[in-house]
4 protein chains.
Amino acid sequence: MTARQFALTLSCPDQPGIVAAVTTALFERGANILEAQQHNDGEADVFFARFGFVLRDDAPIEAVREAFAAVAERFRMQWRLREPDERTRVLLLVSKFDHCLADLLYRWRIEELPMDIVGVVSNHPRESYRHLDLSGLAFDYLPVTRETKAEQEAEIWRIVQARDVELVVLARYMQILSSDLAGKLSGRCINIHHSFLPGFKGARPYHQAHARGVKVIGATAHYVTSDLDEGPIIEQDVERVSHTDTPGDLIRKGRDVERRVLSRAVSWHLERRIVLNGDKTVVFKN
Amino acid sequence: MTARQFALTLSCPDQPGIVAAVTTALFERGANILEAQQHNDGEADVFFARFGFVLRDDAPIEAVREAFAAVAERFRMQWRLREPDERTRVLLLVSKFDHCLADLLYRWRIEELPMDIVGVVSNHPRESYRHLDLSGLAFDYLPVTRETKAEQEAEIWRIVQARDVELVVLARYMQILSSDLAGKLSGRCINIHHSFLPGFKGARPYHQAHARGVKVIGATAHYVTSDLDEGPIIEQDVERVSHTDTPGDLIRKGRDVERRVLSRAVSWHLERRIVLNGDKTVVFKN
Amino acid sequence: MTARQFALTLSCPDQPGIVAAVTTALFERGANILEAQQHNDGEADVFFARFGFVLRDDAPIEAVREAFAAVAERFRMQWRLREPDERTRVLLLVSKFDHCLADLLYRWRIEELPMDIVGVVSNHPRESYRHLDLSGLAFDYLPVTRETKAEQEAEIWRIVQARDVELVVLARYMQILSSDLAGKLSGRCINIHHSFLPGFKGARPYHQAHARGVKVIGATAHYVTSDLDEGPIIEQDVERVSHTDTPGDLIRKGRDVERRVLSRAVSWHLERRIVLNGDKTVVFKN
Amino acid sequence: MTARQFALTLSCPDQPGIVAAVTTALFERGANILEAQQHNDGEADVFFARFGFVLRDDAPIEAVREAFAAVAERFRMQWRLREPDERTRVLLLVSKFDHCLADLLYRWRIEELPMDIVGVVSNHPRESYRHLDLSGLAFDYLPVTRETKAEQEAEIWRIVQARDVELVVLARYMQILSSDLAGKLSGRCINIHHSFLPGFKGARPYHQAHARGVKVIGATAHYVTSDLDEGPIIEQDVERVSHTDTPGDLIRKGRDVERRVLSRAVSWHLERRIVLNGDKTVVFKN
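Numbering of residues begins from 1 in every chain and follows the order in which that chain's sequence is written. To read the labels, note that chains go from A and ligands from 1, taken in the order they are written. Whole-chain, interface and lining totals are the exception, using all residues; otherwise, since this is a predicted model, local features are given only for residues with pLDDT of at least 70 and side-chain atom pairs are given and counted only at 80 or more. Computation of side-chain values: all heavy atoms of the structure, hydrogens and water removed.

Engineer: Now, about the relation of the copies chain C and chain D: what can you tell me, with residues and values included?
Structural biologist: Only residues with pLDDT of at least 70 in both copies count here: their C-alpha atoms drive the least-squares fit that superposes the copies. Once chain C has been moved 0.0 Å along the axis and rotated by 180°, it coincides with chain D to within an RMSD of 0.0 Å. Both copies are brought into coincidence by an operation consistent with a two-fold rotation axis.

Engineer: Describe the environment of C:Pro84, naming the residues involved and giving the relevant values.
Structural biologist: Residue and element names in this part refer to chain C. We count a stretch as a helix when DSSP gives it H or I for four or more residues in a row; a strand needs E for two or more, and each element gets its number in order from the N terminus. Mapped onto the elements of the fold, Pro-84 is located in the loop between strand E4 (78-82) and strand E5 (88-94). Taking the relative accessible area as the measure of exposure, Pro-84 reaches 12% and is therefore buried. Placed 77 residues apart in sequence, Pro-84 and Ala-7 show a C-alpha to C-alpha distance of 7.7 Å. Summary of the burial criterion: residues with accessible area below 20% of their type's maximum are buried, those above 50% are exposed, and those between are partly exposed, where the area comes from a 1.4 Å probe applied to protein chains only.

Engineer: Can you tell me about the interface of chain C and chain D, naming the residues and giving the values?
Structural biologist: How big an interface is tends to be stated in terms of the accessible area lost upon association of its parts. What makes two residues a contact is simply this: any of their non-hydrogen atoms within 4.5 Å. The interface is formed by 34 residues belonging to chain C together with 34 residues belonging to chain D. As used here, buried area is the combined drop in accessible area, with a 1.4 Å probe, of two parts when they are placed together. Roughly 2800 Å² is buried in total at the junction of chain C and chain D, and carbon and sulfur atoms are behind 50% of that figure. Here, a salt bridge means any side-chain nitrogen of Lys or Arg that lies within 4 Å of a carboxyl oxygen of Asp or Glu. Summed over the shared surface of chain C and chain D, the number is 4 salt bridges. Notably, a salt bridge pairs C:Glu235 with D:Arg240, separated by 2.6 Å at the nearest N-O pair.

Engineer: Let's hear about the packing of helix H1 (residues 18-28) of chain B against helix H2 (residues 61-74) of chain B: which residues, and what values?
Structural biologist: Residue and element names in this part refer to chain B. Note on geometry: axes are lines fitted to C-alpha atoms, helical ones only across the stretch in contact, with angles between N-to-C directions running from 0 to 180 degrees. Two elements in contact, H1 and H2, have axes separated by 9 Å at closest approach and are oriented at 165°. By the angle between their directions, the pair H1 and H2 is classed as roughly antiparallel. Remark: the crossing between H1 and H2 carries right-handed chirality. Across the interface between the two elements, Ala-21, Val-22, Ala-25 and Leu-26 from H1 touch Val-64, Ala-67, Phe-68, Val-71 and Arg-74 from H2. Along the lines of polarity and charge, the residues of the contact of H1 with H2 split into 8 nonpolar, no polar and 1 charged. Any angle between 65 and 115 degrees counts as roughly perpendicular, while under 35 counts as roughly parallel, over 145 as roughly antiparallel, and the rest as oblique. What makes a crossing left-handed is the near helix being turned counterclockwise from the far one by less than a right angle; a clockwise turn instead makes it right-handed. Residues are grouped as follows: Ala, Val, Leu, Ile, Met, Phe, Trp, Tyr, Cys and Pro are nonpolar; Asp, Glu, Lys and Arg are charged; every other residue, Gly included, is polar.

Engineer: Report on helix H3 (residues 99-109) of chain A, specifying residues and quantitative values.
Structural biologist: Two residues of an α-helix separated by three or four positions point the same way, owing to the 3.6 residues in each turn. Residues and elements named next belong to chain A. Burial analysis of H3 places 10 of its 11 residues in the buried class, which makes it a mostly covered element. Every buried residue of H3 is listed here: His-99, Cys-100, Leu-101, Ala-102, Asp-103, Leu-104, Leu-105, Tyr-106, Arg-107 and Trp-108. With its phi angle positive at about 65°, Glu-111 sits one or two positions after the end of H3.

Engineer: Provide a residue-level description of the sheet that holds strand E7 (residues 139-141) of chain C, including the pertinent values.
Structural biologist: All names here are of chain C. Criterion used throughout: strands pair if DSSP finds at least two bridges between them. With respect to topology, 7 strands assemble into an open sheet ordered E7-E6-E5-E8-E9-E10-E11, the strand pairing being mixed. The open sheet terminates on both sides in strands that have one partner only, identified here as E7 and strand E11 (233-240). Going from strand to strand, the sheet's axes swing by 20° on average, the running direction of each strand aside. Where strand E9 (residues 189-196) meets strand E10 (residues 216-223), 7 bridges bridge the pair, whose relative direction is antiparallel. If you follow His-194 over to E10, its bridge partner there is Ala-219.

The following block contains the structure:
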């Protein structure tokens, strides 16, 4: 993605003429399209697109936005225009295991991820992460028990609102969000979850996978819905394992695939490459 | 694997001294070990091993076998000695889709798979496979309905016995074996099955996977038990998919991963690289 | 890809307004775009796109073609319109090893590959492939020696012309095409080639790779240019290997990755998903 | 690997009876073998093995060591016995890019890697890594110019000797070691290097790969020899790329595969899973 590239992401009921209308509006306001991907869900009759474009020097983005708004209204679009240097306001939720947190922080420091981290929330105290550089980051220790869960979630929600959080990343946050909070964060909360062939329910999934003798283990990044592990899938990947791997080895290999899958999902969200399509996602990967 | 290589595969209750006893017996009868792998299942306290060896020119395999039998008795081993040119007697069961059949036949023709195909059984007529070269192969058309299932399975079992079948491969055989037949074939019947993250039950799994928006699809090769899709896993692998893939595309990509996974599993079985370990397998891959 | 889908593939010097012009022309003639991908090579300043579309029942494709031709002229486009049921006329060249041939024939039989095979040419006699079903296919045995090479290539070229061949696939054809023939087939001849990290020059590459102790082996499908193994890359993939693999094992694993990579490249070519971009390709994968 | 597990790694000229002699010696001194792998290089006629074992409570490791030493002498073995809690003394060399350093430090902190980091040496000042937690680690800033290279390497060598360094890891250390230093560190210095299909020589390899339109990029971890990028390969892996990836994207994806490959290689070295075999390695993976 070129530095000065805008990204326009949209979805709408399908009908003829959408692309022509969008691209004409962009062209007439001085936008030059550098990359574009479209997808039509034939079953749902919904159209999805992402346009990456640059502007002529004398062309103001406000004019593009205005022209496009008219098109969007005509086609009843949901849409979002991402500015070249736009940084998303992200809140990271984490528990004891910090491999995903460490990885996201590293990628953020070296500017792989165009986000502003407006806070790190954990149900473990700050000293749990003393080897990570949290300097300059707001850190909230919000312990949780069954009794205080509602209260703790209210505090999370307060933070989300107070800091204009645009994306919440559950970076191995081991608490199940209530349906209420999950609903409020719908479409802007990404979770990472282990996945296996076949699937396992219940506690200690890596031990179950070991007992079953699986040969691959996986991880799934998905948007959170009220049904925690069942939201729209963004990305999945796997690692090979064998009979020599102990449950501990599976957990270790799981860490690698979890951090890899989560960072891809977050990156695609930040670049506006993902559009929700009911229980599924359209991911316009680069 | 060198041409003249014997393979000794064994399992037994773990105790000290097994490897020393086995390797001393082999050495004293003129065997030179070229490759070996051992595994100890610490939970079940069972020991597994596979030794690949060649014989000195003046050393008869009978002497090795005899010497080893004494060791095996002492340690209560289950064991099997594979001769260098040994070919396993294999029965292939198939239904309408023949991608796994075509792949296994090809690998057999070019001598990738050391097996004798003693028959192909299908619930579809021979002309369904007119583009495959079945010349020289016994073909049995055994159609099946709910009413005739017991009878059809009896005929399969008769073939298994009459032809000394050592391995049955369900190469996309779309009939569920009865518990009775599955039990009789336990440990010598390999099935290939699609797998997904998460898993799906019921009909048209690729359509379910599409509806769920998965990003990887997989296949699992396993030994058949009375619980058809749940036997000990031998091998698994995956293919990446995206929102652009239709259910038809998933089925197409599924064919590729199914044939790849099944041929690996069959190959490892033929080379005696797999040992059953309860509901799991130990796979001594090369 | 939907059954009734047209595919328009194009490239041209980049300038503002291309997409708007194309999509407006399509829309006004009754075309509804279902999938589309665009790419801009910022260095070469060349624009690439592929549009998949269906037509309204009352809209003739001739009108689309005519309207688009005007656009194409204006923007100096190279373009191609693929009709829904279009089948490409393909000539397969093969030598002794037939794993790629067998795989392509299988995929063609089950209608994975929308092509008409107008001939199989080999420098080995037809009986070399007696286990493959070549019924209904023209087969030309064109043996070649250093002395007869020019003559043999002349005969290949005669076949290409006489049968209106649109794509030549070198399915492990072990003869190096002359610069002359390679040049004539430029952009319509796909080769499959082993690849390694690092690369090896000269004879017996799998033995060289074994001597070097590589841990992955690969295959590259590319368009043929006068410099045989150096044409624009279409697809690459790898298989893992280890110290236990003999040169023979590498060759076996090489077969699997070669056939997989070649079939993908051919499939993308047939669906007009590939556009040449100098020494590179743009591949609009699904 | 079980916590209390010893690991005996060895190589020697191949001859009959090695395994029997080794395992008998281990057994008689109270060792119970839990995992073992052997390999025979038929071309070089060299035997390689790794035995993981635990000791009976009343069995001293000294007795095992003594008994084994006699066997080793008899068979002219090179061997190494790793104690259960043994930690290797490691020196990390790094330059500007710190993705491999950050990854190794993280894995070390969470005890994935059984090593003591006895120093970090960089040709960049300590503040380059201010976001990494280097607390408690010796850090040496050793800038280097063409003129001072010999002197700087002498200082590195002094550190290696003074701190009893057992393994040097070039974690994206962008200086080419002199033949002299490389020779001194032979067999105990691991480097990570980008790899491509085909290979590229010279500067800015990712830009070359982009210009060539490759579809996979890779990384190779290898032991350093005087010929920097050509030492015995330990591990390789790849990432898929496409025409949409800029050189910057290739570098980003390269970071992921580089850190993954390097951490695997280091981990296997620390667990004594690697044995040198001329220009190749034998890797007894778990």
